[in-house]
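# Coordinate inspection notes
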Amino acid sequence: MRASSFALSLILATSGILPTLAAVCSTTTPATEQQQSVAFKAFADIFLVQKNIQKAFDDYIPDTYINHNPTAQSGRANAINALKPFWSGISITPAAVFSGGGFGLLHYRVKMSGTDMAVMDRYRLNGTCIVEHWDVNQSITGREANPIAFF
Ligand SMILES: *[C@@H]1O[C@H](CO)[C@@H](O)[C@H](O)[C@H]1NC(C)=O
Ligand SMILES: *[C@@H]1O[C@H](CO)[C@@H](O)[C@H](O)[C@H]1NC(C)=O
């Protein structure tokens, strides 16, 4: 890309006219399972530990993101808009992060005002990018019959 059109793309992207592309990952370069694992662990750290929604999505999730969460719509921007307002302020305790066979899985506890949940996110990878998402949540009441409930 010529420098001038690159600069223009940057201006359009930062002004919100053009959607930004996933900057770090690639769907056009085939990735080994090991490369996908490195990418998924990096995403998990930004998402669950740094709790930086914008960076997690900028680096690893392209615009074509397909989302099966029943309260969401597909697309990168929809997920960012839904999560960004509250994500950095919640308490997250990761329980498991792993990938294989072209998929990645996160299992973690989320606490915020009025909510205590066990969450699993399943992601499909393409190259080193995250392109599709499914999730389930379970409410934690503190009165579970099982002493090893959830984790
Ligand atoms: C991965 O993404 C590329 C586009 O970058 C697409 O051509 C290809 O079909 C995708 N592969 C899978 C398995 O989704
Ligand atoms: C948990 O999942 C259910 C079913 O999709 C949803 O109605 C509920 O809002 C979710 N809870 C939270 C706190 O996201």
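Identification of the protein chain as SnoaL-like domain-containing protein from Crepidotus variabilis is taken from an unreviewed UniProt entry.

## Notes on the overall build of the protein chain
Each helix and strand in the protein chain was counted, giving 4 helices and 5 strands. From first element to last, N terminus to C terminus, the protein chain shows the α and β order α-α-α-β-α-β-β-β-β. When the 151 residues of the protein chain are sorted by exposure, 35% land in the buried category. When contacts within the protein chain are restricted to residue pairs at least 6 apart in sequence, those whose partners lie at least 24 apart make up 50%. Total accessible area on the protein chain stands at roughly 8,800 Å², and carbon and sulfur atoms take up 58% of it.

## Focus on the pattern of salt bridges
As enumerated under the stated definition, the model contains 5 salt bridges in all. In this structure, Arg 76 engages Asp 58 in a salt bridge whose closest nitrogen and oxygen atoms are separated by 3.2 Å. Taken as a pair, Arg 76 in helix 4 (residues 76–87) and Asp 58 in helix 3 (residues 53–60) lie far apart in primary sequence, 18 residues in all. With its nearest N and O atoms 3.2 Å apart, the salt bridge here joins Asp 63 to Arg 76.

## A closer look at the site of ligand 1
Near ligand 1 the following residues occur: Thr 27, Thr 28, Arg 124 and Asn 126. Contact between ligand 1 and Thr 27: an oxygen atom at 2.7 Å from a side-chain N or O atom of the residue. Between an oxygen atom of ligand 1 and a side-chain N or O atom of Asn 126, the distance comes to 2.4 Å. The protein chains hide 35% of the 360 Å² of surface that ligand 1 would expose on its own.

## As for the state of the cysteines
All told, the structure shown has 1 disulfide when counted by the stated rule. Disulfide pairing places Cys 25 opposite Cys 129 at an S-S distance of 2.0 Å. Looking along the S-S bond of the Cys 25-Cys 129 disulfide, the torsion reads about 95°, which is the right-handed sense. Highlighted residues: Cys 25 in the loop between helix 1 (3–14) and helix 2 (33–49) and Cys 129 in strand 5 (residues 129–139), separated in sequence by 104 residues.

## A word on helix 2
Between its terminal C-alpha atoms helix 2 stretches 23 Å, which fits the 24 Å expected from 17 residues at 1.5 Å a residue. Considered for burial, the residues of helix 2 that qualify are Gln 36, Ser 37, Ala 39, Phe 40, Phe 43, Ala 44, Ile 46, Phe 47 and Leu 48. Among the structural elements, helix 3, helix 4, strand 2 (91–100), strand 3 (103–112), strand 4 (115–126) and strand 5 are those in contact with the buried residues of helix 2.

## Overview of the site of ligand 2
For ligand 2, the full set of nearby residues is Pro 70, Thr 115, Met 117 and Asn 137. At a separation of 2.3 Å, an oxygen atom of ligand 2 approaches a polar side-chain atom of Asn 137. When ligand 2 sits alone it has 360 Å² of accessible area, and the protein chains cover 41% of it. Residue classes in the shell around ligand 2 are distributed as 2 nonpolar, 2 polar and no charged.

Conventions used here
Residues numbered from 1 in each chain as written. Chains lettered and ligands numbered in written order. Predicted model: local features only at pLDDT ≥ 70, side-chain atom pairs only at ≥ 80, totals over all residues. Heavy atoms only, no water. Helix = DSSP H or I, 4+ residues; strand = E, 2+ residues; numbered from the N terminus. Buried < 20%, exposed > 50% of the residue type's maximum accessible area, 1.4 Å probe, protein only. Contact = heavy atoms within 4.5 Å. Areas by Shrake-Rupley, 256 points an atom, 1.4 Å probe, with all protein chains shown as cover. Salt bridge = Lys/Arg side-chain N within 4 Å of Asp/Glu carboxyl O. Near = heavy atom within 4 Å. Polar contact = N/O pair within 3.5 Å; in protein donor to acceptor, adjacent residues only side chain to side chain. Disulfide = S-S within 2.5 Å. Expected span 1.5 Å × (residues − 1). Nonpolar A, V, L, I, M, F, W, Y, C, P; charged D, E, K, R; others polar.

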